[in-house]
Amino acid sequence: QGQLVESGGGLVQAGGSLRLSCAASGRTFSRYGMGWFRQAPGKEREFVAAINWTGSTTRYADSVKGRFTISRDNAKNTVYLEMNSLKPEDTAVYYCAAGPEGVRLTYSTVTYWGQGTQVTVSS
């Protein structure tokens, strides 16, 4: 019905930066809240960042606040995650997500998931 496809993951040294992109297709996500989650092997999927449909409001997990920036371009049906000052504990598969606008984006409220992109931060 709709697809979210992440790109931009890779291997980076601690202190480095990566920019993840999430391209939507199959439908427009312009009026959805969108965000990013991550999951390390054997760990639960955790919230990273969210942005409302207009881009006027953002929310971040405490662990990434001040280091990561989420943004979106509705004309391109794309959401981004700029990651700076990366730490080894940021290593995970990062998933793009979308959910109903006006509903706090959590694992339970997500209605669309991307396939994930691997981010590995070496020490």
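In this text, all values refer to a predicted model and were calculated from it rather than measured experimentally.

Chemist: I keep staring at the nonpolar core and nothing clicks. Help me out?
Modeler: Note on soluble globular proteins: their nonpolar side chains tend to be buried together. Ranked by size, the top nonpolar core spans 35 residues in total, and within it Leu 4, Met 34, Trp 36, Leu 81, Met 83 and Tyr 94 carry the most contacts. Within the residue set of this core, elements represented by two or more residues are β3 (18-25), β4 (32-39), β5 (46-51), β7 (68-73), β8 (78-83), β9 (92-100) and β11 (117-122).

Chemist: What am I meant to see in the pairing of β8 here?
Modeler: Two faces make up the sheet, and in a regular strand the side chains alternate between them. Of all the six residues making up β8, five are buried; the element is thus mostly covered by neighbouring parts of the structure. When β3 meets β8, the two strands line up antiparallel, connected through six bridges. Residue pairing in the sheet places Cys 22 in a bridge with Val 79 of β8. Bridging between β7 and β8 involves six bridges; their strand directions are antiparallel. Within β8, the residue paired with Ile 70 across the bridge is Leu 81. Connecting the antiparallel pair β7 and β8 is a turn made up of four residues, with Asn 77 showing a positive phi of about 55 degrees.

Chemist: Just checking my understanding: could you explain the pattern of salt bridges for this structure?
Modeler: Any two side chains of opposite charge can pair, given that their charged atoms come close. Counted by the stated rule, this structure contains five salt bridges. Ionic pairing is found between Glu 82 and Arg 19, a salt bridge with its closest N-O pair at 4.0 Å. Taken together, the residues Glu 82 in strand β8 and Arg 19 in strand β3 connect sequence positions 63 residues apart. Taking relative accessible area as the criterion, Glu 82 reaches 27% and is therefore assigned partly exposed.

Chemist: What should I look at first to understand the packing of aromatic side chains in this one?
Modeler: We describe a pair of aromatic rings using the distance from one ring centre to the other and the angle between the two ring planes. Evaluation of the coordinates by the stated rule reveals seven aromatic pairs. An angle of 70 degrees between the planes, with centres 5.1 Å apart, marks the rings of Phe 37 and Trp 113 as edge-to-face. Linking Phe 37 in strand β4 with Trp 113 in strand β10 (residues 112-113), this pair joins segments that are 76 residues apart in sequence. Residue Trp 113 is classed as partly exposed on the basis of its relative accessible area, which comes to 29%. Among the aromatic side chains, those forming a connected cluster through ring pairs are Phe 37, Phe 47, Tyr 95, Tyr 107 and Trp 113. A cation over a ring is seen here: Arg 19 above Tyr 80, with NZ or CZ 4.0 Å from the ring centre. Above the face of the Phe 29 ring, Arg 27 is positioned so that its terminal group lies 5.8 Å from the ring centre.

Chemist: Teacher, can you tell me more about the environment of Thr 69 here?
Modeler: Within the secondary structure, Thr 69 sits in strand β7. Residue classification places Thr 69 among the partly exposed positions, given a relative accessible area of 42%. Once residues lying within four places of it in the same chain are set aside, the contact partners of Thr 69 are Tyr 60, Tyr 80, Leu 81 and Glu 82.

Reading the values: rules and limits
- Residues numbered from 1 in each chain as written.
- Predicted model: local features only at pLDDT ≥ 70, side-chain atom pairs only at ≥ 80, totals over all residues.
- Heavy atoms only, no water.
- Core = buried A, V, L, I, M, F, W, Y, C linked by side-chain atoms within 4.5 Å.
- Buried < 20%, exposed > 50% of the residue type's maximum accessible area, 1.4 Å probe, protein only.
- Helix = DSSP H or I, 4+ residues; strand = E, 2+ residues; numbered from the N terminus.
- Pairing = 2+ DSSP bridges.
- Salt bridge = Lys/Arg side-chain N within 4 Å of Asp/Glu carboxyl O.
- Phe/Tyr/Trp six-rings, centres within 6.5 Å; stacked < 30°, edge-to-face > 60°.
- Lys NZ or Arg CZ within 6 Å of the ring centre and 35° of its normal.
- Contact = heavy atoms within 4.5 Å.

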